[in-house]
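One-letter residues, chain by chain:
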Amino acid sequence: MRAAPGGVSPVPREARPYQGQRAGLVTRTVAGVVDALVVAVALAVGYAGWIGLRFVLDPRGFEFSGLNALPGMTTALVLCVLYLSTAWSVTGRTYGGHVMGLRLVDRRGRHPGLFVAVARAVLCTLFPIGLLWCVVGPARRSVQDLLLRTAVIYDWLPEADDNGAVPHA
Amino acid sequence: MESSSWLRDRPAAEGNPELVAALDVAVEAARSALGAAAVVARGAGAVGRPLLRVALRPPMLAAPYRPETWLRHLARQGGRRREEALRSLSGLLDTLVPLLAQEVLRRVDLTEVVRRYVDLDRVVADVDLDAAVARVDVDAIARHLDVDAVVARLDLNRIVRERVDLDGLVATVDLDAAAARLDIDAVLDRIDLVGIAGDVIDQLDLPEIIRESTGSMASDTLREVRMQGISGDEAITRAIDRLRLRRGRRPTPAVTGASPDGIPRQQEPLAPRES
């Protein structure tokens, strides 16, 4: 559901003043936690599927083994990077961003490109504490935003237009 | 006595009764003298009439020499003189009367005389006003009227409101035929339907209705979570600003009100500043 130019906005009246403004620490942290849960659930489901596949392929030789720390952590980080980069480059928002009404945009106000999305996903995965810079830094920009010239804005509208432009940018 | 009664009615005689009495005496004496003279004349006529006839027609004289003939001749000449005198007098009156009348009327307030002595109501009552009005050319009078000035002094709205049966008048109008001649498209072109619809939708809070009916947007719980997050962001920003004591620094991108589509635009460019 899009708001046509000069038409009706589906955004609640009390939230309209904030649309297009840069998001702060609380909202982005909640979105990040949601995304972490998504990755954790995906990782758990993937691990369960891997265990189940091994059991189906070799029931007699199946032996339940715990998740090793290094491969597990590596898999989690890779999965997190893939999830974040895919979501940001395709729709501009992750599931956590969708829940909290956030969208990632580049310096032109559009969905970030694949390179920027991957780079930001890597930075966020390896250095999540950089988010705190949006509290002390100028204009609510995290370290990742400063490095890649991106911004996280409030955007309660479900989708961007076909060119990837968000309505508030 | 008629003369004295008339005199007594005059205002000047009211304060002089002796004058009235003297006048009465004179009138009565004159009347008595005239009566006596008449009696004497009647007696003298009875005696002198045969003598006069003989004197005028003596038997021994021929007709041309009789006194009667001379008297008749004198009478004819006297008649001619009288007619000439009358003609002269008539011409003199024609000259003098207008002058006299003009001088008299100039000295008399004729209007006051008419008002005092003429009963105008009786005079007017005898006038045939219908016949008089029938001879008036009303159209010629109406042509000289300034109808616009007359209409300007009238309160036509009040007259129509109080005296015209508008309901009855409208009932005689074929509104369907009138409506059929209307150019609805031209009327609609002059109406800002989009603006009106926008105002109505804004009053109805259509987004809320859409959300409640379709559920395509965030649920109430999700909206509440988002608003709480925004409030938390604002609170942290204000707290950090107070700690820094940075006056004049805008803690968050300013919100200056809704844009035409109800959604404000970001006030700062999204491109990060060079730092």
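Relevant structure appears above.
Residues numbered from 1 in each chain as written. Chains lettered and ligands numbered in written order. Predicted model: local features only at pLDDT ≥ 70, side-chain atom pairs only at ≥ 80, totals over all residues.

Some remarks on the overall build of chain B
Part 1: From N to C terminus, chain B includes 15 helices and zero strands.
Part 2: Sorting the 275 residues of chain B into buried and exposed places 5% on the buried side.
Part 3: Contacts spanning at least 24 positions in sequence make up 5% of the contacts within chain B whose residues lie at least 6 apart. (Helix = DSSP H or I, 4+ residues; strand = E, 2+ residues; numbered from the N terminus. Buried ≥ 20, exposed ≤ 12 C-beta atoms within 10 Å, placed from the backbone. Contact = placed C-beta atoms within 7 Å.)

Regarding the overall build of chain A
Part 1: Secondary structure summary: chain A contains six helices and two strands in total.
Part 2: Reading chain A from its N end, one meets helices and strands in the order α-α-α-β-α-α-α-β.
Part 3: Within chain A, buried positions represent 41% of all 169 residues.
Part 4: The contacts of chain A with a sequence gap of at least 6 include a subset with a gap of at least 24, amounting to 70%.

Re the environment of Arg22 of chain A
Part 1: Take Arg22 of chain A: it is sitting in the segment before α1 (25-57).
Part 2: Spatially, the C-alpha atoms of Arg22 of chain A and Ala151 of chain A are 6.8 Å apart, while their sequence positions differ by 129 residues.

Quick notes on the nonpolar core
The nonpolar side chains of a soluble globular protein tend to be buried, and buried together.
Residues and elements named next belong to chain A.
Part 1: Formed by 27 residues in total, the largest nonpolar core has its most connected members in Leu84, Trp88, Leu102, Ala121, Val152, Ile153 and Tyr154.
Part 2: For this core, the elements supplying multiple residues, two or more each, are α1, α2 (69-90), α3 (95-100), β1 (102-105), α4 (114-126) and β2 (151-154).
Part 3: When near neighbours in sequence (up to four residues on either side) are disregarded, Trp88 contacts Thr94, Leu104, Pro112, Ala117, Arg120 and Ala121. (Core = buried A, V, L, I, M, F, W, Y, C linked by C-beta atoms within 7 Å.)

Topic: unusual backbone geometry
Residue and element names in this part refer to chain A.
Part 1: Although it is not a glycine, Arg140 sits at a positive phi angle of roughly 55°.
Part 2: Position of Arg140 among the secondary structure elements: in the loop between α5 (133-136) and α6 (143-148).
Part 3: With 26 C-beta atoms packed within 10 Å, Arg140 lands in the buried category.
Part 4: A positive phi angle, close to 55°, is found at Arg149, a residue other than glycine.
Part 5: With respect to the secondary-structure elements, Arg149 resides in the loop between α6 and β2.
Part 6: Its 17 C-beta neighbours within 10 Å are what place Arg149 among the partly exposed residues.

With respect to the pairing of β2 of chain A
When a strand is regular, its side chains alternate between the sheet's two faces.
All names here are of chain A.
Part 1: Neither face of β2 is open: one carries Ala151 and Ile153, the other Val152 and Tyr154, and all of them are buried.
Part 2: In the sheet, β1 pairs with β2 via four bridges, with the strands oriented antiparallel. Bridge assignment links Leu104 to a residue of β2, and that residue is Val152. (Pairing = 2+ DSSP bridges.)

Overview of the packing of α1 of chain A against helix α15 (residues 220-244) of chain B
Part 1: The N-to-C vectors of α1 of chain A and α15 of chain B enclose an angle of 130°; their axes lie 6 Å apart at closest approach. Classified by the angle their axes make, α1 of chain A and α15 of chain B are oblique. Facing α1 of chain A, whose interface residues are Leu25, Val26, Thr27 and Val30 of chain A, α15 of chain B presents Gly229, Ile230, Gly232, Asp233 and Ile236 of chain B.
Part 2: For the contact of α1 of chain A with α15 of chain B, the per-class residue count stands at five nonpolar, three polar and one charged. (Axes fitted to C-alpha atoms, helices over the stretch in contact; angles between N-to-C directions. Parallel < 35°, antiparallel > 145°, perpendicular 65-115°, else oblique. Nonpolar A, V, L, I, M, F, W, Y, C, P; charged D, E, K, R; others polar.)

So, the packing of α1 of chain A against α2 of chain A
Two quantities define a packed helix pair, namely the angle between the helix axes and the distance between the axes.
All names here are of chain A.
Part 1: Two numbers describe how α1 lies on α2: the axes approach to 10 Å, and their chain directions differ by 125°. Regarding the angle of α1 to α2, the classification is oblique. By crossing handedness, the relation of α1 to α2 is classed as right-handed. Two secondary-structure elements touch here, α1 through Asp35, Val38, Val39, Ala42 and Leu43 and α2 through Thr75, Ala76, Leu79, Cys80, Tyr83 and Leu84.
Part 2: Its residues assigned to classes, the contact of α1 with α2 comprises nine nonpolar, one polar and one charged. (Left-handed = near helix turned anticlockwise from the far one by under 90°.)

Describing the environment of Arg141 of chain A
Residues and elements named next belong to chain A.
Part 1: Structurally, Arg141 can be placed in the loop between α5 and α6.
Part 2: With 20 C-beta atoms counted inside 10 Å, the residue Arg141 sits in the buried group.
Part 3: In the structure, Arg141 is positioned eleven residues away from Val152 in sequence and 8.1 Å away in space, judged by C-alpha atoms.

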